[in-house]
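As a plain string of letters, each chain reads:
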Amino acid sequence: MSSPLSAAPRFRMSKPDWLASPKVLRTEVLAGLVVALALIPEAISFSIIAGVDPSLGLFASFTMAVVISVVGGRKAMISAATGAVALVIAPLNQEHGLGYMIAAVILAGVFQVILGALGVAKLMRFVPRSVMVGFVNALAILIFMAQVPEMHDVPWAVYPLLVGGLALMVFFPKVTKVIPAPLVSIVVLTVITVAAGIAVPNVGDKGELPSSLPVPGLPDVPFTLDTLTTIAPYALAMALVGLMESLMTAKLVDDITDTHSGKTRESIGQGVANIVTGFFGGMGGCAMIGQTMINVKVSGARTRLSTFLAGTFLIILVVVFGPIVSDIPMAALVAVMIMVSVGTFDWHSIQPKTLKRMPVGETIVMVTTVVCVVATHNLAIGVVVGTIAAMIIFAKRVAHLANVSGVVDPDGKQVVYSVTGELFFASSNDLVYQFDYKDDPDDVVIDLSGTHVWDASSVAALDAIETKYAQRGKKVTIVGLNEASADMHQRLAGKLAGGH
């Protein structure tokens, strides 16, 4: 007789995907190291933009990466301190001080958790492909533009180092892909500059690296309503910019890896990461498209381990190996980012054959997105403007799809108008002018079986048509409405002032 316990379900822990094979583990570890090295100068630069000590950007990159690797919805995506967030919160730091900025980071995280729970991630379905392509291309341009200052007014030795770094990343993968080419490039160029005593700008020139780990604490601000009203606008702006960049980056990684990610979980995860970052005194952040491309596209990482190790290696490198990291030439990191820029740009989208086949409206939307992003250096603004442009072009295109054709009975006593296409605010405006109110017979039938009534503007247009016929003593019968259209028409017909 079997024991009652034998019927109990057996729970088995599934093996983490990064333990699938030694090759996968090696890829994730090396990818995390490459990303950590590339994160250091950028985090310092973003700290300078925000007007804070470099340690705040480095601590933010550490906590964001580690936390999001656990709670985020997109595997292998890198979150850290970013330029977009730095630009949003810099004025608050300048006007009110560091304590208010840290409080804003925590509040922004709370906003992101709330927005994520409310389903803001679902809005991503309204971002068309042309905006996505524009986003990617603008991002590649911004990544390259960010490297230009590092190539201007520098010692001549920077240029051969830069060319050598690019050559290593192009040709080393043809020899072996066991070790990521960017890591090889960084190590080789660092050894050359240190061994030969070549004086070129290095990571240490960007700012002093911290020598201790971050400790948690509360922001140094009065906990009053006045403080809340001061930080709330900045916190909301940071939350929206961070979510938009993170969700767009997640969608891009989905496309690259042919996998789906949990956008709602990612939205909430970004909020949790920013809350934790704020309590550790960091400047906040969001997904980093450039570092994510290094991790996913260049290094081939696919799991959460690479993201976790990027943050872990970062803090170990700056705290324990600070003097060594300080000697890394900026030329090595610039070469890595140039390769990322070239690899990120969608070159197929600007080929003459593609532009010739693509509808003009799609190309306009892509170019609009690119121009707005490059002009403002804000990916979120470009995406919003591009999406609005796409909606306007779509509405203009669909507005002409509502057609009206009329057939008069042989006895001349009745006319039947058939309406096809979609009726909404843009297409319904011209609907009123497609009927012959003066010469039509007294019995008018409008058949809407080939259309759908989407909004109040369409109902108002139908009211206006009925009114114009009624003024001439003619009767209108509307037939063929589907269930949803009939429900809307029944609720609104005759109750909209604009229809009379």
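Anything mentioned here points back to the structure above.
Predicted, not measured: the structure shown is a model, and the values here were computed from it.

Some points on helix α5 (residues 129-147)
In a regular helix each residue adds 1.5 Å, so 19 residues correspond to 27 Å; α5 covers 28 Å between its end C-alpha atoms and thus fits that length. Most of α5 sits inside the fold, with 14 of its 19 residues counted as buried.

Here's the deal with unusual backbone geometry
Although it is not a glycine, D153 adopts a positive phi angle of roughly 55°. Here D153 lies in the loop between α5 and α6 (158-175). Unusually for a residue other than glycine, D258 sits at a positive phi of about 55°. Mapped onto the elements of the fold, D258 is located in the loop between α8 (225-257) and α9 (263-279). For D258, a relative accessible area of 70% corresponds to the exposed category.

Regarding the packing of aromatic side chains
Counted according to the given criterion, the structure contains six aromatic pairs. Centroid distance F345 to W347: 4.6 Å. Interplanar angle 45°. Geometry classified as tilted. Centre to centre, the rings of Y417 and F435 are 4.6 Å apart; their planes meet at 65°, and the pair counts as edge-to-face. One end of the pair, Y417, is in strand β4 (residues 414-423); the other, F435, is in the loop between β4 and β5 (443-453), and 18 residues separate them in sequence. Residue class for F435 comes out buried when judged on its relative accessible area of 8%.

Considerations on the environment of F308
Position of F308 relative to the elements: it lies in helix α11 (residues 304-319). Judged by its relative accessible area of 34%, F308 falls in the partly exposed class. C-alpha of F308 to C-alpha of S349: the two residues are 41 residues apart in sequence and 34 Å apart in space. Setting aside residues up to four positions removed in sequence, F308 forms contacts with A65, V66 and S69.

The rules behind these values
Residues numbered from 1 in each chain as written. Predicted model: local features only at pLDDT ≥ 70, side-chain atom pairs only at ≥ 80, totals over all residues. Heavy atoms only, no water. Helix = DSSP H or I, 4+ residues; strand = E, 2+ residues; numbered from the N terminus. Expected span 1.5 Å × (residues − 1). Buried < 20%, exposed > 50% of the residue type's maximum accessible area, 1.4 Å probe, protein only. Phe/Tyr/Trp six-rings, centres within 6.5 Å; stacked < 30°, edge-to-face > 60°. Contact = heavy atoms within 4.5 Å.

Function-wise, these values are silent; they only describe arrangement.
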